[in-house]
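Structure at a glance
Below are the chains, spelled out letter by letter.
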Amino acid sequence: QALSLAEFFAFVLPNVQLAQGMLVLSLTIFSLFSGFLIKKDNIPDYWSWLYYANALRYPFYFFTKNELHGMDVSCPNHKGAFPIPVQFSYVNTTTNATVICDPSQLENLYCFRYLCPITKGQTVLDAYSMTEDATVYVFVLVGVIVFLRIVNIIAFQTVNWVSK
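Described below are features of the structure shown in this document. (Residues numbered from 1 in each chain as written. Predicted model: local features only at pLDDT ≥ 70, side-chain atom pairs only at ≥ 80, totals over all residues. Heavy atoms only, no water.)

**Observations concerning the overall build of the protein**
Operational definition: Runs of E in the DSSP output that reach at least two residues are strands. Runs of H or I that reach at least four are helices, and both are numbered from the N terminus. Here the term buried applies to any residue with accessible area under 20% of the maximum for its type, exposed to any over 50%, and partly exposed to those in between, with areas from a 1.4 Å probe on protein chains only. Contact criterion: two residues are considered in contact whenever any of their non-hydrogen atoms come within 4.5 Å of each other. The protein chains shown are the only cover counted for residues, whose accessible areas, like all others here, come from Shrake-Rupley with a 1.4 Å probe. Counted charges follow a simple rule, with Lys and Arg positive, Asp and Glu negative, and His plus the chain ends left uncounted. Taken as the charge location is NZ of Lys, CZ of Arg, CG of Asp or CD of Glu.
In terms of helices and strands, the protein carries 6 helices and 4 strands. The N-to-C order of helical and strand elements in the protein reads α-α-α-α-β-β-β-β-α-α. Principal-axis analysis of the C-alpha atoms places the extent of the protein at approximately 95 × 35 × 30 Å. The burial tally for the protein puts 26% of its 164 residues in the buried class. Counting only contacts in the protein whose residues sit at least 6 apart along the sequence, the fraction spanning at least 24 positions is 62%. Carbon and sulfur atoms provide 66% of the accessible area of the protein, an area that totals close to 11,200 Å². The positive charge centre, built from 9 side chains, and the negative charge centre, built from 10, are 5 Å apart in the protein.

Quick look at the structure:
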């Protein structure tokens, strides 16, 4: 649908520079209000219409829902996991020495445990309020594309920036 939006600006604006500027501006605004950079719950009420009318939201949500629904996530070899300190120091029973739990002891299980922040894809979907079925996003996306194509046909036939 980005192509349809680009065509729309090309048809209704008098020159390429304005069309490119408007496309960049609209895509930036759509990116901000698609629900990823600013979550739906944090968007002010007077801007909430932009969340629902957003052309980028539906493909983003479709692909995210398609990839993460039902997925189990792990942190093998602690990649992506957060080290959580268990204690600040302990006495090693074999050497009878006190071990200070500092960052050099990250692999020492007496000092640190690892927390994998996300274990299920559903956690991400819930965090971004993706409750609709993926097919809803497909139908809305197809509807937006059809709507933009119809508007583009009308604009192409009616707007004429060539002076005679």
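**A short note on the state of the cysteines**
What counts here: Cysteine sulfur atoms are paired as a disulfide whenever they fall within 2.5 Å.
Inspection of the entire model under this criterion finds 2 disulfides. The disulfide partner of Cys75 is Cys116, and the S-S distance across this bridge is 2.0 Å. Linking Cys75 and Cys116, the disulfide has an S-S dihedral of approximately 70° and is accordingly described as right-handed. Highlighted residues: Cys75 in the loop between α4 (57-68) and β1 (82-85) and Cys116 in the loop between β4 (112-115) and α5 (121-127), separated in sequence by 41 residues. An identical accessibility class is assigned to Cys75 and Cys116; each is buried. Through a disulfide, Cys101 is tied to Cys111; the S-S separation comes to 2.1 Å.

**Observations regarding the packing of aromatic side chains**
Heads up, the condition is: Two rings belonging to Phe, Tyr or Trp (six-membered ring only in the last case) form a pair when the distance between their centres is within 6.5 Å. Interplanar angles under 30 degrees mark stacking, angles over 60 mark edge-to-face geometry, and anything in between is tilted. In this analysis the charged atom, NZ for Lys or CZ for Arg, is taken to sit over a ring once it is within 6 Å of the ring centre and within 35 degrees of the ring normal.
If you walk through the whole model with that rule in mind, you get 14 aromatic pairs. Measuring from ring centre to ring centre gives 5.2 Å for Phe11 and Phe156, while their planes differ by 55°; the resulting arrangement is tilted. Remark: Phe156 occurs in helix α6 (residues 134-158) and Phe11 occurs in helix α1 (residues 2-12); sequence separation between them is 145 residues. Taking relative accessible area as the criterion, Phe11 reaches 25% and is therefore assigned partly exposed. Phe156 sits in the exposed class, given a relative accessible area of 59%. With centroids separated by 5.7 Å and ring planes inclined at 75°, the aromatic side chains of Tyr61 and Tyr137 adopt a geometry described as edge-to-face. With Tyr61 in helix α4 and Tyr137 in helix α6, this pair connects stretches of sequence that are 76 residues apart. Like Tyr137, Tyr61 is buried. Note that Lys39 overlies the ring of Tyr128, its terminal NZ or CZ placed 5.2 Å from the centroid.

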